Amino acid sequence: MLSAVVRKTDVRPPAEAALVSHISSADKLAIRSIFSMLRLLIDTSAWLDLAMRRDGQKWIVPLRVFLHQGKLELLVPPLVIDEFEHNRPRSEAAVTKSVMARLRQLRRELHEFAGEKHGHVWLEETEQHIPLVNAMAPQNFREIAELLSKGTKLKPTNADRARVVQRGLEKKAPFSTGKNSVADALLIEMYTTQIKKAGADDVYCFVTSNHRDFSAPDGDYRQPHFDLADIFSSPQSRYLYQVEGLHAGLLDYFGDEFAEEYEEIEFLIGEEEPRTLAEIVDAMEEFFDRVWYVRSMVHSDAENEEVPENIRAGARAARQRVEDRYGRDSLWKPIGPGHDEAWEYGYISGKLATLRWVLGSEWDFLDT
């Protein structure tokens, strides 16, 4: 897009022209970001595809960041919001249903290959993840709804409606499929109106997963239908197909800035897998031991002659086992002036209560 900036001046001094020719790609992107804006019209089919992807956050988060920074504008026709909300319950249910179907298949495979001896362990793990899957599934949908609410709302003009009628009469895409495509035709005509407002350095993108109405028939779906080709003939207007097309468009426009956001979210998604049941149980057992150790030490300070020696000996042996496992210095951090009133003791007690709650106990259950 730098070339558009250069063309604004008819004649450049030789020294200045040489300087421009040596600007790096990264610097060109930085210069363009000062003068231009990326404007996206993402249709309902692409939003729903993005919402139903388990890794959808890799694109949702950068969109939110660039929107907040004023580097990107979402063009949002009201019908996109209406269609998204109409399809949202069904699509959210489909995400959960898909995962549940995979879990059922996993159960069958475990019974067949793992046998009764080990299969129950894996089944416990999958059952522990089911509530987490149900809770996480709507996240993409919620955040996309928020993005749509912050976008620039478009209203169809009389000229837009007139062009829709003309397309219908001429059987041009998206009416070429023989179905009622008024809504799709209105989308593309509203997008056409927006392109006419483009500044010299602006870039507009139409993003869709609806190849039947918008893409080249019986060909490369990444290309627009030949009836729509003139809308995307300018470098300022791009046709992007599916989430992969959106990815390519963001990468072309923002370069490393998008790549860094994408990779950071990709790393976090990989790092933040839900804990397994075995990990939760292990952690609960550790903090049970730590809380018990503090209480045992407090109790030993208050011991009197009425406590039988065999009980004292058993407690000392148990404390030794815990010390051998976790280290005495680590265990003694919560023990000091005030003993069970110490902040560290409250901290580990809170962890124990939380882990027990995850496994089904009531809050604040701290019996040892």
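Fair warning: this is a prediction, and the values are worked out from it, not measured in the lab. (Residues numbered from 1 in each chain as written. Predicted model: local features only at pLDDT ≥ 70, side-chain atom pairs only at ≥ 80, totals over all residues. Heavy atoms only, no water.)

Asker: Before we go on, may I ask you to explain the pattern of salt bridges in this structure?
Answerer: For the structure on display, the rule yields 19 salt bridges. Across the pair glutamate 143 and arginine 64 runs a salt bridge, and its minimum N-O distance is 3.0 Å. Remark: arginine 64 occurs in helix H5 (residues 57-68) and glutamate 143 occurs in helix H8 (residues 139-150); sequence separation between them is 79 residues. Among the residues examined, arginine 64 registers a relative accessible area of 31% and is labelled partly exposed. In this structure, glutamate 257 engages lysine 71 in a salt bridge whose closest nitrogen and oxygen atoms are separated by 2.3 Å. Pair noted here: glutamate 257 is in helix H13 (residues 256-271) and lysine 71 is in the loop between H5 and strand S2 (72-76), with a separation of 186 residues, a long-range link. For glutamate 257, a relative accessible area of 28% translates into the label partly exposed. Among the ionic contacts, a cluster of salt bridges with common partners joins Arg53, Asp55, Lys58, Glu244 and Glu266. (Salt bridge = Lys/Arg side-chain N within 4 Å of Asp/Glu carboxyl O. Helix = DSSP H or I, 4+ residues; strand = E, 2+ residues; numbered from the N terminus. Buried < 20%, exposed > 50% of the residue type's maximum accessible area, 1.4 Å probe, protein only.)

Asker: Help me understand the packing of aromatic side chains, please; the structure alone is not making it clear to me.
Answerer: To describe a pair of aromatic rings, one takes the distance between the centres and the angle between the planes. Tallied over the entire structure, the rule returns twelve aromatic pairs. Ring centres of phenylalanine 258 and tyrosine 262 lie 5.8 Å apart, and the angle between their planes is 45 degrees; on these two criteria the pair is classed as tilted. With phenylalanine 258 and tyrosine 262 both in helix H13 and four residues apart, this pair spans about one turn of that helix. Here phenylalanine 258 falls in the buried class, since its relative accessible area comes to 0%. Taken together, the ring pairs connect Tyr191, Phe206, Phe214, Phe232 and Tyr239 into an aromatic cluster. (Phe/Tyr/Trp six-rings, centres within 6.5 Å; stacked < 30°, edge-to-face > 60°.)

These figures capture arrangement, not role.
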